[in-house]
Every structure is written in C-alpha cells, then in structure tokens.
Amino acid sequence: ILAAASIISRIIGLIYRIPMTEIIGDVGNNYYGCAFDVYNIILILSSVSLPQAVSKTVSAQVAKGKFRNAYMVLKGSLLFALLSGTLAAVVVYFGAEFFTGELLKTPYSVFALKVLAPVLIVVAILGVLRGFFQGMGTMMPSAVSQIIEQIVNAIVSVWAAYVLFNYGSKVGAVLGDKEHYGPAYGAAGGTLGTGVGAVFGLLF
C-alpha cells in the first residue's frame, strides 16, 4: 500500500513539474531548487526520522498489549514534533537571507524559502501521525494522505506559480528588475503548493 502510494505520488510530482517549470522558467526553477535544498537539509535535521521512530516504538507497545503506552508515545512525539518543527521553522525563516544570499549566492530564492519555513512544523506533526498509524498496523491513512497531499500540491503549485509569476513581473517592472522578481515570486508560488498540500494531508 505504501509502495503504491509512493509511486503514484512520484508520478504526480513528475507531471506537475513540467507546466510549473514552463511557467517560472529556468531561472525560477533554479530559485525553487535552491530553496528546497535548504528546506530538505533542515527537514532531515529536525524531523525526517520521526515516522520510523514513532512507528517502531508504538508497534512495540501494541505488541505487548500496552495501548495506553502507545498513546503516551503519540502525545510525547507530537510535543517533540511541535517543538522541533517550530525551532526549524524559526531558523529557516529568519535565516533565509543568510542561507540564500551568503551560502547559495541566490538571494532571490529567499521568497520561496520563507514560504517553506512553516511547512516544517506541519510536516513534523504529519510524520508523527503517519508513524503512529503505521505502528498500529494500518497503512491506509498514510497512503491516502500522501496521495491527497501530492494532488493538492500539484494543483496549488501550478496555479500559485502562474499567479505569483505575473504579480512578481509587475513588481519587478516597477522596481526595474522584472527579470528576477517574476521567477522569484513564481518559485515562491511553487513552494506554496508544498505547504498547502501538507496541510490537506494533515487534515485528512
């Protein structure tokens, strides 16, 4: 079930990147990629292993028939996810200029990275819930939420990239830098889909 969900999600991901790249262009796609490079590293440091850890711990308690302990693991993990996700989000949001400007030398990717900052909180909590259900022996919640997340991500990313690219071009025209602001805002629209998709997956 999880393998099927992963394959479907990856196919959707491959498909929606085509029109989005056409909208924001190579420059915007570069900003998009740089923002995700930073996001992925912080995600690994903050919460990427949470689903596996929660799943293993919960399943161990369930196997012993200690369901109360399993729910205690869930509560503790949610608290940890909230704290680690919030800390990661604060670091990314307030350090966005440093990461994009000083480290990656792509200062215009700052908009896309700042949009991704609060996603770290949502993804951390989402990971705990997925791990909990897997530990309880049911894969459907994780699988369906993953597909929903990617579908919403695809729709919102393409739409927001189009809207914000045009808006950014207008802002750039006023500031005399249309070449960068259009793609930069478009990339931020692409990352907005990631956040909205994660929220819908969490709600499910």
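Peer 1: I keep staring at the overall build of the chain and nothing clicks. Help me out?
Peer 2: A count of helical and extended segments in the chain gives eight helices and zero strands. At 18 Å, the chain has a C-alpha radius of gyration in line with the 17 Å of a compact globule built from 204 residues. Along the longest, intermediate and shortest principal axes, the C-alpha atoms of the chain span 65 × 30 × 20 Å. In the chain, of all internal contacts separated by at least 6 residues, the share reaching a separation of at least 24 is 77%.

Peer 1: Help me out: how do you make sense of the pattern of salt bridges in this one?
Peer 2: Under the defined criterion, the tally for this structure stands at two salt bridges. For Glu-97, the salt bridge goes to Lys-114, with nearest N and O atoms at 3.0 Å. Of this pair, Glu-97 sits in helix H4 (residues 96-103) while Lys-114 sits in helix H5 (residues 110-116), and the two are 17 residues apart along the sequence. Exposure remark for Lys-114: the relative accessible area of 24% places this residue in the partly exposed category. One salt bridge in this structure joins Glu-149 and Arg-130, with 2.8 Å as the shortest N-O distance. You can see Glu-149 sitting in helix H7 (residues 140-175) and its partner Arg-130 sitting in helix H6 (residues 119-135), a full 19 residues away along the chain. A relative accessible area of 17% means that Glu-149 is categorised as buried.

Peer 1: It is not clear to me how the packing of aromatic side chains should be interpreted in this structure. Could you clarify?
Peer 2: For any pair of aromatic rings, the description consists of the separation of the ring centres together with the inter-plane angle of the planes. Under the counting rule described, the total for this entry stands at twelve aromatic pairs. On the numbers, 5.8 Å between centres and 70° between planes, the contact of Phe-132 with Phe-133 is edge-to-face. On the basis of relative accessible area, Phe-132 is assigned to the buried category, the value being 6%. Summarising the aromatic geometry, the rings of Tyr-181 and Tyr-185 are spaced 6.1 Å apart at their centres and angled 50° between planes, so their arrangement reads as tilted. A residue pair is termed a helical-turn pair when its members lie 3 or 4 positions apart in one helix, as Tyr-181 and Tyr-185 do in helix H8 (residues 178-203) at four residues. Taking relative accessible area as the criterion, Tyr-181 reaches 17% and is therefore assigned buried. The positively charged end of Lys-114 is found above the aromatic ring belonging to Tyr-93, 4.8 Å away from the centroid.

Peer 1: Sorry, what's going on with the environment of Lys-170 here?
Peer 2: Within the secondary structure layout, Lys-170 lies in helix H7. Sequence separation of Lys-170 and Gly-182 is twelve residues, and the distance between their C-alpha atoms is 7.7 Å.

Peer 1: Got a minute to help me understand helix H1 (residues 2-46) in this structure?
Peer 2: Three- or four-residue spacings in an α-helix give side chains the same orientation, since the helix completes a turn every 3.6 residues. With 45 residues, H1 should cover 66 Å at 1.5 Å per step; its first-to-last C-alpha distance of 23 Å lies more than 12% under that length. Roughly 110° is the biggest bend found in H1, and it falls at Gly-25.

Procedures and definitions
Residues numbered from 1 in each chain as written. Predicted model: local features only at pLDDT ≥ 70, side-chain atom pairs only at ≥ 80, totals over all residues. Heavy atoms only, no water. Helix = DSSP H or I, 4+ residues; strand = E, 2+ residues; numbered from the N terminus. Rg over C-alpha atoms; globule rule 2.2 N^0.38 Å. Contact = heavy atoms within 4.5 Å. Salt bridge = Lys/Arg side-chain N within 4 Å of Asp/Glu carboxyl O. Buried < 20%, exposed > 50% of the residue type's maximum accessible area, 1.4 Å probe, protein only. Phe/Tyr/Trp six-rings, centres within 6.5 Å; stacked < 30°, edge-to-face > 60°. Lys NZ or Arg CZ within 6 Å of the ring centre and 35° of its normal. Expected span 1.5 Å × (residues − 1). Bend = angle between axes of the 7 residues up to and from the residue.

Geometry only, nothing functional implied.
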